[in-house]
Amino acid sequence: MKRLKKSRQGLHPLMTYVLLILGAVVLSGFLKVLDTQATFYKINRVTFELLPETEIVKSLFNLSGLKYIFTNTVSNFANFTVLSNLIIILMGISIMDKSGFLQTAITLTTKKLKKKTVTFIFVLICILSSVFGDLSYLIFIPLGALLFYYGKRNPAIGIISSFAALSCGSGINIIFTSSDSGLLSYTKLAAQTINASYTDDSLAFIFIMIAAVFLVTYIITIVTENIIVRKLPKYEFTETELEEDIVTRGEQKGMVYACGSAVIYLIIFIYNIIPGLPLSGALLDNSQVAYIDKLFSVNSFFSNGFVFIITILFIILGLFYGIGVKSIKNHKDFCDDLGHSLDGIGNVLVMIFLASAFISIFKQTNIGNVIVAFVGDIIGNSGFVGLPLIILVFIGVVICTLFVPSPQLKWYMLSSTVVPVMMQAEMTPAFAQIVFRFAETSIINITPLLAYFIVYLAFLEKYNQSDKKIKLSESIKYQLPYTFIIGLTLLILLVIWYIIGMPLGVNSFPTM
């Protein structure tokens, strides 16, 4: 009976990643034997000439592949930004939690709100936070767990809903993001192969994005409360944890200390990202033209130091709250609190190590790029127009995203085909980019090749009270309802917008 019980537990997530690594290596060898390759087109930025480039599968199922794995796995892990950023962010969250700041703040802001209202507001904040890039995953997944934990609900609800919102919201935002700016440059270049005078700006998508943001927020809230909550096991709280939280005068004093110090810090910080004022703009890359690029370019002090900037904010909130309520009495308390969230992180580190190995090995095989090039070729030769073309592009991007989560790389390879094909079908380049963004945003939450998927899985395991480990397949199953409903809804939204011909944004429409 014991053996039977163990067999039902399924594969440990660590073993699943090991098998994924082995599968990627073997598959690369098999596809190399078949000489698997596909061609896409690059665009010459001067002449706008289409230049064919062939993507070929690289086999790791040989001696050179084995050498690559053994010589690069450790360095890939050390350079895996998820690891370093997670540890830094957790220090800030740790002191906010241990000092009592988070519990008091959550109690004050959510005590009189309905559960669905809390979920809706939290999901909306997660979606809008995509303006800060991938760092949002490291902030809101752990904070989501604590939000629901201090709300006397299963922390897994916060982890699952935050990951769905962050990933499915990565391609939709009311604010024009740095990622959108990069994609728009590829869109313009591809459009200029057909119309040399084509141009678009950051407001070209604003109307449909506003609709998508609130629609997706509502869907994630409904799916979370009506499907996910019922799937999750009951979370066991102690009697002490279930006691009603009452904010004392001392805790209110601590909140005043924390918020006052944070406001001063933020004023100094915000002043340094405003260009044109005396001694301001120190955190910007002033070599860029667009403000969003000044903030998030590779050379921007703001972009490169954002993890540390946010961590310092969290530390200030936790430290001054702790001083106010006297939960931090000396430097020893402060130092101990910094490491609170890092206790028992060993299993998380192992999971991140294997995830980083799998992602780097799969990228090295080039299988993902071949799939993207192959899909682009199908779209280019389909001969479809109108609604069939929209659906084909949507499905094609969905398939590509499972193997290449990076929007920049996918659109670099697809835009030279998708944009001209849609323009020839009387659809605008802006609409082509919207179809691309909506398609990838609906599926990206279920691919383990997304670097931050492992953070989601690790926190599910951290708050798991069962003797059984959270399997990789189980973590994906939690995300599937979001994927299906959001994907179908966004596709319907695109079709309606196209048929009616409503403006996508300022001076921007679906059709030419």
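Source: prediction; values computed, not measured.

Cut-offs used in this document
- Residue numbers here run from 1 along each chain, matching the order of that chain's written sequence.
- Two thresholds apply to this predicted model, a pLDDT of at least 70 for residue-level local features and 80 or more for giving and counting side-chain atom pairs, whereas whole-chain, interface and lining totals are computed over all residues.
- In computing side-chain values, all of the structure's heavy atoms are included and hydrogens and water are not.
- A run of H or I in DSSP becomes a helix once it reaches four residues, and a run of E becomes a strand once it reaches two; helices and strands are each numbered from the N terminus.
- Using C-alpha atoms as the atom set, the radius of gyration is obtained and then compared with a globule rule of 2.2 Å times the number of residues to the power 0.38.
- For each residue, the accessible area found with a 1.4 Å probe, counting protein chains only, is set against the maximum for its type, and the residue is called buried under 20%, exposed over 50%, and partly exposed in between.
- Two residues form a contact once any of their heavy atoms are found within 4.5 Å.
- For accessible areas, the Shrake-Rupley method is used with a probe of radius 1.4 Å. Any residue's cover is judged against the shown protein chains and nothing else.
- Two residue types count as positive, namely Lys and Arg, and two as negative, namely Asp and Glu; His and chain ends fall outside the count.
- Every charge is mapped to an atom, namely NZ of Lys, CZ of Arg, CG of Asp or CD of Glu.
- Each pair of aromatic rings taken from Phe, Tyr and Trp, with Trp reduced to its six-membered ring, is defined by centres within 6.5 Å and is described as stacked if the planes are under 30 degrees apart, edge-to-face if over 60, and tilted in the remaining cases.
- Two N or O atoms form a polar contact when they lie within 3.5 Å of each other; inside protein one atom must be a possible hydrogen donor and the other a possible acceptor, and for residues adjacent in sequence the pair counts only when both atoms belong to side chains.
- When a carboxyl oxygen of Asp or Glu is within 4 Å of a side-chain nitrogen of Lys or Arg, the pair counts as a salt bridge.
- Helix span is expected to be 1.5 Å times the residue number reduced by one.
- One axis fitted to the seven residues ending at a residue, another fitted to the seven starting there: the angle between these axes is the bend at that residue.
- A pair of strands is labelled paired if DSSP reports no fewer than 2 bridges between them.
- Axes here mean lines fitted to C-alpha atoms, for a helix over just the part in contact, with angles spanning 0 to 180 degrees between N-to-C directions.
- When an angle is under 35 degrees it counts as roughly parallel; over 145 it counts as roughly antiparallel; between 65 and 115 it counts as roughly perpendicular; any other value is oblique.
- Handedness of a helix crossing follows the sense of rotation of the near helix relative to the far helix, less than a right angle counterclockwise being left-handed and clockwise being right-handed.
- Under the convention adopted here, Pro, Cys and the residues Ala, Val, Leu, Ile, Met, Phe, Trp and Tyr are nonpolar, Asp, Glu, Lys and Arg are charged, and Gly plus all remaining residues are polar.
- Exposure above 30% relative accessible area and the absence of a salt bridge qualify a residue for a patch, where like charges join within 9 Å and nonpolar side chains (Val, Leu, Ile, Met, Phe, Trp, Tyr) within 5 Å.

Scanning the chain from terminus to terminus reveals 22 helices and 2 strands. Its C-alpha atoms give the chain a radius of gyration of 24 Å, near enough to 24 Å, the size a compact globule of 512 residues would have. Over its C-alpha atoms, taken along the principal directions, the chain stretches across nearly 70 × 65 × 45 Å. For the chain, with 512 residues in total, the buried portion stands at 54%. Considering only residue pairs separated by 6 or more positions, the chain has 78% of its internal contacts joining residues 24 or more positions apart. With the model as given, the accessible surface of the chain reaches about 23700 Å², and the carbon-plus-sulfur share is 66%. Of note, the chain has its 36 positive side-chain charges centred 8 Å away from the centre of its 29 negative side-chain charges.

All right, on to the packing of aromatic side chains then. Counted according to the given criterion, the structure contains 21 aromatic pairs. Centre to centre, the rings of Tyr137 and Phe163 are 5.9 Å apart; their planes meet at 50°, and the pair counts as tilted. One end of the pair, Tyr137, is in helix H7 (residues 135–150); the other, Phe163, is in helix H8 (residues 155–168), and 26 residues separate them in sequence. A residue is classified by how much of its surface remains accessible, and Tyr137, at 5% relative accessible area, is buried. Seen in terms of ring centroids, Phe358 and Phe362 are 6.2 Å apart; in terms of plane orientation they differ by 45°. Their pairing is tilted. You can see Phe358 and its partner Phe362 sitting in helix H16 (residues 346–365), 4 residues apart, about one turn around the helix. For Phe358, a relative accessible area of 6% puts it in the buried group.

Along the polypeptide, Thr428 turns up in the loop between helix H19 (407–424) and helix H20 (429–441). Separated by 237 residues in the primary sequence, Thr428 and Ala191 have C-alpha atoms spaced 8.7 Å apart. Among all residues touching Thr428, those that are not within four sequence positions of it are Leu504, Phe509, Pro510, Thr511 and Met512. One polar contact links the side chain of Thr428 to the main-chain carbonyl oxygen of Phe509, over a distance of 2.6 Å.

Here we come to the pattern of salt bridges. Under the criterion given, the structure shown has 7 salt bridges. The salt bridge partner of Glu53 is Lys42, with a shortest N-O separation of 3.0 Å. Separated by 11 residues along the polypeptide, Glu53 in strand E2 (residues 50–56) and Lys42 in strand E1 (residues 37–43) bring together distant segments of the chain. Notably, a salt bridge pairs Glu440 with Arg437, separated by 2.5 Å at the nearest N-O pair. Remark: Arg437 and Glu440 occur in helix H20; sequence separation between them is 3 residues, near one turn of the helix.

The next subject is helix H14 (residues 301–325). Under the 1.5 Å per step criterion, the end-to-end length of H14 is 35 Å for 25 residues, consistent within 8% with the ideal 36 Å. The principal kink in H14, of about 50°, is found at Val307. Immediately beyond the C-terminal end of H14, within one or two residues, lies Lys326, with a positive phi of roughly 65°.

Bridge analysis of E1 against E2 gives 7 bridges, and the strand direction is antiparallel. When the bridges of E2 are listed, Ile43 appears paired with Leu50. Between E1 and E2, which pair antiparallel in sequence order, lie 6 residues; one of them, Phe48, sits at a positive phi of approximately 60°.

A word on the packing of helix H2 (residues 13–33) against H16. Between H2 and H16, the least distance of the axes is 9 Å, while the angle of their chain directions is 15°. Relative to H16, the element H2 is oriented roughly parallel. Remark: the crossing between H2 and H16 carries left-handed chirality. Across the interface between the two elements, Pro13, Leu14, Tyr17, Val18, Leu20, Ile21, Ala24, Val25 and Ser28 of H2 pack against Asn347, Val350, Met351, Leu354, Ala355, Ala357, Phe358, Ile361, Phe362 and Thr365 of H16. Looking at side-chain class alone, the contact of H2 with H16 contains 16 nonpolar, 3 polar and no charged residues.

Another point: H16. Spanning 20 residues, H16 covers 29 Å between terminal C-alpha atoms, matching the ideal 28 Å at 1.5 Å per step. Following H16 by one or two positions, Asn366 adopts a phi angle in the positive range, close to 70°.

What follows is about a nonpolar patch on the surface. There is a patch of nonpolar side chains on the surface, built from Leu387, Ile391, Ile395, Ile399, Phe403, Leu488, Ile492, Ile496, Ile499 and Ile500 and spanning about 850 Å² of accessible area. Going through the elements one at a time, helix H18 (386–403) and helix H22 (472–500) are the ones with two or more residues in the nonpolar patch. In this fold, Ile496 is placed in helix H22.

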